[in-house]
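Here is what each chain is made of, one letter per residue.
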Amino acid sequence: MEIGWEFDNSYARLPDTFFTKLNPTPVASPELVILNESLATSLGLNVQALRSGDGVEILAGNRIPEGAEPLAQAYAGHQFGYFTMLGDGRAHLLGEHITPKGERVDIQLKGSGRTPYSRGGDGRAALGPMLREYIISEGMHGLGIPTTRSLAVVTTGEPVFRETRLPGAILTRVASSHLRVGTFEYVVKWGTFEELKTLADYTLVRHFPFDDSVDHPYLFLLQEVVKRQAELIAKWQLVGFVHGVMNTDNMALSGETIDYGPCAFMDNYDPATVFSSIDTHGRYAYGNQPYIAQWNLARFAETLLPLLHDDREQAIKMAEDALSDFNKVFYCHWLSGMRAKLGIFNEEEQDEALINNLLTIMKQYGADYTNTFRAITFDEPEDTDFFAGREFVQWHELWQARLSRQEESKAHSKELMMKSNPAVIPRNHWVEEALEAAVKHTDYSVMEELLAALSNPYAHTPSQAKYTTLPPPSTEPYVTYCGT
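Reading the values: the criteria
Residues numbered from 1 in each chain as written. Predicted model: local features only at pLDDT ≥ 70, side-chain atom pairs only at ≥ 80, totals over all residues. Heavy atoms only, no water. Phe/Tyr/Trp six-rings, centres within 6.5 Å; stacked < 30°, edge-to-face > 60°. Helix = DSSP H or I, 4+ residues; strand = E, 2+ residues; numbered from the N terminus. Buried < 20%, exposed > 50% of the residue type's maximum accessible area, 1.4 Å probe, protein only. Salt bridge = Lys/Arg side-chain N within 4 Å of Asp/Glu carboxyl O.

Trainee: Quick one: what's the story with the packing of aromatic side chains, residue by residue and with numbers?
Mentor: One pass over the structure, following the stated rule, counts 24 aromatic pairs. Taking the centre distance of 4.9 Å and the plane angle of 45 degrees together, the rings of phenylalanine 80 and tyrosine 284 count as tilted. Of this pair, phenylalanine 80 sits in the loop between strand E4 (76-79) and strand E5 (82-85) while tyrosine 284 sits in the loop between strand E12 (264-265) and helix H8 (289-308), and the two are 204 residues apart along the sequence. Given a relative accessible area of 1%, tyrosine 284 falls into the buried group. With a centroid separation of 6.3 Å and 85 degrees between ring planes, the pair formed by tyrosine 269 and tyrosine 286 is classed as edge-to-face. On the criterion of sequence distance, the pair formed by tyrosine 269 in the loop between E12 and H8 and tyrosine 286 in the loop between E12 and H8 is long-range, its members being 17 residues apart. In this structure tyrosine 269 comes out as buried when scored by relative accessible area, which is 10%. Taking relative accessible area as the criterion, tyrosine 286 reaches 4% and is therefore assigned buried.

Have a look at this one:
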């Protein structure tokens, strides 16, 4: 039974400086635990064939599909501000699949064994973190945020050892590519000028095709990456997503969200929100994400300096001008998105003050970010001190007056808000409940129900209501881990 793979592996045709060709390490007894059937269908793959024994063998790395050329990619990165050599330490790129629409996507196995870049690691992954990436990435897709996606998770039949013995698993990840800021950092550090140019040309062809109107392709590359990242981070901020580990190796040049490690969604609004157990100083806090993105982009710009101009000072000036666009583009997308969350169609100078005033009150009262906008959408104030407080009542009057100054009706504003304010997000306690049921009790029904609710978060259906409930009170803050 044919699965439907159509591999054409352009990355494997690049200089071998960029990767090491090797096959995944076979596992003992793989079993499929979840398959993203809608994604598989959109990729032109046969769902029944993927569920077969041969299909599961491919998803586990035990069998190499025809046309694939497995490899581990080399890259570097600034981790918490410090440069280090990295690479795919537990992942294998099977190859690039061409979809029925002619789109090129990477098919990568994560947790598929050791590589030359493993740095002492075992090359494996535990079931919980792989299911977590599946849930969060699909939740992000439902929210309309560019992201890598999860095709499948299989258990390996082998344990992995972290703090405790855990069931092993492999995730199949689908991405526009796995080109990262860290890919360019690696080539600048250990490659040649010719290899840097080759990588830049490849990135342009793959993600940023241009015509004769572009005078300077490498400046264009920087400008386009800046734009995509600014828009992406704005989308994160609008839904309260905290990536948790925004190292330069975790910034994909395609503009997709990648590498879901200690990520989580903010409950109570607070720009200082941090979940990651290793982010002790809040470098990657929710409110810092735009600044860190710009810092990462500056590292990318540094790698392009030899291509921007022969004169280094002139190259630096060109890079700085391109980087300066980040704040403008980010702010434009964030402000537009916040207006939509409040049902505002047109623009007034006072809008930013109106938005920031609401956020200030939310922080003051510890109001839930998602549920506050959901309550405002349906004009159903919750029984909380926030909604009963004088500050919100006064803000509400200003907001209503603002809505009255636009041509669109209140009904149109509500419709816009419903499309901009999700009913559900992958709330941390619901994700943890699904993972516990799956990992400890081999019960995947809890996760499947959650995924169904997250598939259309703007539907605002009665079945989604339970996922709006907040976690029970706790004296300990919610903490996430990298999941390696």
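Trainee: So what's going on with the pattern of salt bridges? Which residues, and what values?
Mentor: A full pass over the atoms with the stated rule returns 29 salt bridges. In this structure, glutamate 133 and arginine 173 form a salt bridge, with 3.1 Å as the shortest nitrogen-oxygen distance. Remark: arginine 173 occurs in strand E10 (residues 165-175) and glutamate 133 occurs in helix H4 (residues 127-142); sequence separation between them is 40 residues. Residue glutamate 133 shares its accessibility class with arginine 173, and that shared class is buried. Put simply, glutamate 348 and arginine 402 hold a salt bridge, and the shortest N to O gap is 3.5 Å. One end of the pair, glutamate 348, is in the loop between helix H10 (325-341) and helix H11 (351-365); the other, arginine 402, is in helix H14 (residues 390-404), and 54 residues separate them in sequence. There is no split in this pair, since glutamate 348 and arginine 402 are both buried. In the salt-bridge network here, residues are joined through shared partners; they are Asp8, Arg13, Glu96, Arg104, Asp106 and Arg206.

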